[in-house]
Amino acid sequence: MAAPSTTNDRGSWNSKLGFILAAAGSAVGLGNIWGFPTQVASNGGGAFLLIYLLCSFLIGFPVMTAELTMGRKTGKNPFGAFKAIRPDSKFYPLIGLWGVICGVMILSFYTVVAGWAFSYVFAELFFFLEMPAASAWFADIGNGVLSAVLATLFMVATVGIITGGVSGGIERATKTLMPTLIGILIILIGYILFQPGAYEGIRTYLYPDFTSITPTLIFDAMGQAFFSLSLGMGALITYGSYLNKKENIPQAAAFVTLADVGIAFLAGFLIIPAMYMAQNAGVEIFNEAGQLLEEDTLVFQVLPELFHTIGMPVGLIFGVTFFFLLSIAALTSTISLLEVPVAFAIDEFGWRRKVAARVVGVGILAVSILVAFNQSLIGTFVTIFNGVGLPLGGFLICYFIAYVWKTDNALDEMELGYVNIRQSLFSKIWPLFIKIVCPLAILYVLIQKLVESFG
Ligand code: PHE
């Protein structure tokens, strides 16, 4: 059964598993393997992990349920979804439009970092083939031309899959790749846990130093949770719009949240110890003040060290496969990022899917190329569109559902695929979170950060 659709170019998911994997594919990406460990490192370890987990489960999960429900109810892109629920309002659809803008801007730097991951497939390959010059060329991700070419490659692949449509393109691509990524992560963790220096890494990762909890740490953890779960910009409103009425939304959201948090948690077990191992091998991971370096490229420095200490041939196999799978994980996320503005163009302007994907793709690529040559923009974009933009979007979505659409109507929509929902504990707690806990928590964190930054 197809989800409600207004144009032939919308499409719908083919199977329950396909949807869940695509949503998990959207969630699992650079956020888990690049963003999360980098943030753990720069925020001092265990305390960040703790706040991140709280944000994911207490704010992320309720908001994810909310987004999917709004999407399935309306069968629209984020802008259209707000309009469908309140057709008389000029203001509310702007919330959706803000989401579309955040998606576009996030995608513009995401393709660059994804390109780096892909570049390292070759850096590792040539390293083990004992071709150091070629290896160094691919490892030099500060090179603007290299970054721009790879970002272009990524955008072309993303547009190609999006053009293939919802079930044929997006669903098929995610199904086999996700499980393989989890497999290789676990094997690598098994290896690293027995290496010298691993213990120190694990201790940093798991031991929370409560004195390091500052407004900035909480702000970073909340932004990271929203980014990693693909929330706050309507990616999951869009994915929800292709969803069958028989699906149990809270259950699907719980699965996607657990999968995403689980993979980030696993990635931490690999990368934080790898940082300490790399330090033993001479890579600089601390600054003069003794804090772990906060660098967008840190993960790309320490992981190759790990593969190089493993040595031939296992290091080669792990190195190449790992970066290849990371690229694929990034691709299943870029697909969902691009799908948001594409669905917007299809729904609102009546464009054909193919045209929408190409036009929007080229537009975003122009910004990507700018980022490739000015890489310090990444940090700026992360702060504005990820750190502030996504939680702000989440806040507005909660506000809208709680006080405009009403949580009771949302529960009615969920009931279609979850018959006993009214008897469940979920139906008592979720509205409370959407009305009070999530919006207040988000607002509090944003204001605290503002005060800390400018106070
Ligand atoms: N969740 C993705 C990741 O962790 C990034 C993303 C953010 C995707 C927002 C879609 C929407 O890499």
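(A) Structural view of the site of the ligand. The ligand sits among 15 residues. The nearest are Ala 27, Gly 31, Tyr 110, Phe 227 and Ser 230. For the ligand, an oxygen atom lies 2.9 Å from a polar atom in the backbone of Ala 27. In the model, an oxygen atom of the ligand is placed 3.1 Å from a nitrogen or oxygen of the Leu 30 main chain. Contributions of two or more residues to the shell around the ligand are made by helix H1 (16–27), helix H2 (30–42), helix H10 (215–228) and helix H14 (314–349).

(B) Expanded view of the packing of aromatic side chains. Following the criterion strictly, the structure yields 31 aromatic pairs and no others. Seen from their ring centres, Phe 82 and Phe 400 are 4.7 Å apart, and the 65° between their planes marks the pair as edge-to-face. With Phe 82 in helix H4 (residues 78–85) and Phe 400 in helix H16 (residues 377–405), this residue pair connects regions lying 318 residues apart in the sequence. Judged by its relative accessible area of 0%, Phe 400 is buried. Between Phe 91 and Tyr 92, the ring centres sit 5.3 Å apart and the planes meet at 65°, which makes this aromatic pair edge-to-face. Classification of Tyr 92 by relative accessible area gives buried; the value is 13%. When the ring centre of Tyr 207 is taken as origin, the NZ or CZ atom of Arg 203, which lies over that ring, is 4.8 Å away.

(C) Representation of the confidence of the model for the protein within the structure. When pLDDT is averaged along the protein, the result is 89, and 93% of the positions lie at 70 or above. Every residue in residues 1–7 is under pLDDT 50, and counting partners more than four places away or in other chains gives 15 contacts.

(D) View of the side chain of Thr 334. As for its placement among the helices and strands, Thr 334 is situated in helix H14. With sequence-adjacent residues up to four places away left out, Thr 334 is seen in contact with Leu 107, Tyr 110, Thr 111, Phe 154 and Thr 158.

(E) Expanded view of the state of the cysteines. Per the counting criterion, the structure on display carries zero disulfides. Free of any disulfide, Cys 55 has its nearest neighbouring cysteine sulfur in Cys 438, separated by 10 Å. Judged by its relative accessible area of 8%, Cys 55 is buried. Unpaired in terms of disulfides, Cys 438 finds its nearest cysteine sulfur in Cys 398, a separation of 4.8 Å. What makes Cys 438 buried here is its relative accessible area of 0%.

Conventions adopted
- Counting restarts for each chain: residues are numbered from 1 in the order of the written sequence.
- Note on the predicted model: pLDDT of at least 70 is required for a residue's local features to be given, and 80 or more for side-chain atom pairs to be given and counted; whole-chain, interface and lining totals, by contrast, use all residues.
- Values shown for side chains rest on all heavy atoms present in the structure; no hydrogens or waters enter the calculation.
- Any residue with at least one heavy atom within 4 Å of a molecule or strand is counted as near it.
- By the criterion applied in these results, polar contacts are pairs of N or O atoms within 3.5 Å in which, for protein atoms, one can donate a hydrogen and the other can accept it, and in which residues neighboring in sequence qualify only through two side-chain atoms.
- Helical segments are the DSSP runs of H or I of at least four residues, strand segments are the runs of E of at least two, and each set is numbered from the N terminus.
- Classification of ring pairs uses Phe, Tyr and Trp, with its six-membered ring standing for Trp, and accepts pairs whose centres are within 6.5 Å; under 30 degrees between planes counts as stacked, over 60 as edge-to-face, and the remaining range as tilted.
- The classification of residues rests on relative accessible area computed with a 1.4 Å probe and restricted to protein chains. Under 20% of the type maximum is buried, over 50% is exposed, and intermediate values are partly exposed.
- Any Lys NZ or Arg CZ found within 6 Å of a ring centre and within 35 degrees of that ring's normal is scored as a charge over the ring.
- The pLDDT score gives, residue by residue, the confidence of the prediction method on a 0 to 100 scale.
- Here, two residues are considered to be in contact whenever any of their heavy atoms come within 4.5 Å of each other.
- Note on terminology: disulfide denotes any pair of cysteine sulfur atoms within 2.5 Å.

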